[in-house]
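Listed here are the chains, written in short residue letters.
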Amino acid sequence: MTVAALNLDFAALAAKPVEQAPFPHVAVEHFILQDELAVLQTSLPQITSGGSFPPEALALTPLMQNLITQLEGPKLREIIARKFALNLDDAPTMLTIRGRTREKDGRIHCDSTAKRVTILLYLNPPSAAFGRQEGCLRLLNGPDDVENFAVEVPPVNGTLLVFPNGPTTWHGHRQYVGPRYTIQLNYMETGAKARSELRRHKLSALAKKLTFAT
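First things first, this report covers the structure right here in the doc. As the structure is a prediction and not an experimental result, all values here were calculated from the model.

**Focus: the sheet that holds strand β4 (residues 137–140)**
Consideration 1: Strand order in the open sheet made by the 3 strands is β5-β4-β7, with antiparallel pairing throughout. If you trace the sheet from one side to the other, it starts and ends with β5 (149–153) and β7 (171–172), each paired once.
Consideration 2: Inspection of the sheet shows β4 paired to β7 by 2 bridges, in the antiparallel sense. Across the sheet, the residue bridging to R138 is G172, located in β7.

See the structure below:
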């Protein structure tokens, strides 16, 4: 199967109601059609270390670049703004790609206050580890126990998860070490803290690109 551009299921996202527990969020399985996801999985960038990588630091196939272009485009922004009653017109975006989860990853946290909205897109096939609930993102009822969760999102099947950030948007996952491809897109605030994070993001992209080039 040859795929020139991915058909993302924006209609399913637009139709999905906002869930309120434990905090407002929307999860859409198969946001990427399964046949197309299988093709995309064969062209994911080779990432053998942990951490987040700006797309500029990686060698991306045209199909992966098409996905990023669509995620950063106006259609997704408009749907999310409407769904959560937000004005995102002037919100800068920050996008990173992860390919591997480390032992220390998944600790309970809320995202930075510089991030207005977090969007996670999972690109992995099902696996035995994910079936055992390892590495499955949990939306938590509080900051103290990863087992005290309201929603669990396996990182598979092109699932899209969206939530506005806040002081109680606790999330994390059980320990998992291994491949776990995730795209994280954030709509940022416009203040000094957000500008600082965006500057660090650009410097990280340059540093990692130079590292991979050597």
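**Quick word on the side chain of Q184**
Consideration 1: The residue Q184 is located in strand β8 (residues 178–188) in this model.
Consideration 2: Among the polar contacts made by the side chain of Q184, one reaches the side chain of N186 at a distance of 2.9 Å.
Consideration 3: The contacts of Q184, once residues within four sequence positions are left out, are M94, L95, T96, D111, K115, T118, I119 and L120.

**Remarks on unusual backbone geometry**
The general pattern is negative phi for most residues beyond glycine and trans for most peptide bonds.
Consideration 1: Cis geometry is adopted by the peptide bond preceding P22, which originates at A21 and carries an omega value of 0°.
Consideration 2: Relative to the assigned elements, P22 resides in the loop between α1 (10–15) and β1 (26–28).
Consideration 3: Backbone geometry at Q133 places phi at a positive 75°, although glycine is not the residue there.
Consideration 4: Here Q133 lies in the loop between α5 (128–131) and β4.
Consideration 5: In this structure, N157 takes a positive phi of about 65° despite not being glycine.
Consideration 6: With respect to the helices and strands, the residue N157 is situated in the loop between β5 and β6 (160–164).

**So, helix α4 (residues 74–83)**
Consideration 1: Taken residue by residue, α4 has L76, R77, I79, I80 and A81 as its buried positions.
Consideration 2: In this structure, the buried side of α4 is in contact with α1, α3 (62–71), β2 (93–101), β3 (115–122), β6 and β8.
Consideration 3: Following α4 by one or two positions, A85 has its phi on the positive side, about 55°.

**As for the pattern of salt bridges**
Consideration 1: Scanning the model with the defined rule gives 7 salt bridges in all.
Consideration 2: Measuring nitrogen to oxygen at the nearest pair gives 3.7 Å for the salt bridge that ties D105 to R98.
Consideration 3: Residue R116 pairs with E189 through a salt bridge whose shortest N-O separation is 3.9 Å. One end of the pair, R116, is in strand β3; the other, E189, is in the loop between β8 and α6 (192–213), and 73 residues separate them in sequence.

**Here's the deal with helix α2 (residues 34–41)**
The periodicity of an α-helix, 3.6 residues per turn, causes residues three or four places apart in sequence to face the same way.
Consideration 1: Among the residues of α2, E36, L37, V39 and L40 are the ones counted as buried. Around the axis of α2, the buried residues are gathered within 160° of arc, so they sit on the same side.

Conventions we followed
- Residues numbered from 1 in each chain as written.
- Predicted model: local features only at pLDDT ≥ 70, side-chain atom pairs only at ≥ 80, totals over all residues.
- Heavy atoms only, no water.
- Pairing = 2+ DSSP bridges.
- Helix = DSSP H or I, 4+ residues; strand = E, 2+ residues; numbered from the N terminus.
- Polar contact = N/O pair within 3.5 Å; in protein donor to acceptor, adjacent residues only side chain to side chain.
- Contact = heavy atoms within 4.5 Å.
- Buried < 20%, exposed > 50% of the residue type's maximum accessible area, 1.4 Å probe, protein only.
- Salt bridge = Lys/Arg side-chain N within 4 Å of Asp/Glu carboxyl O.
- Arc of directions from axis to C-beta.

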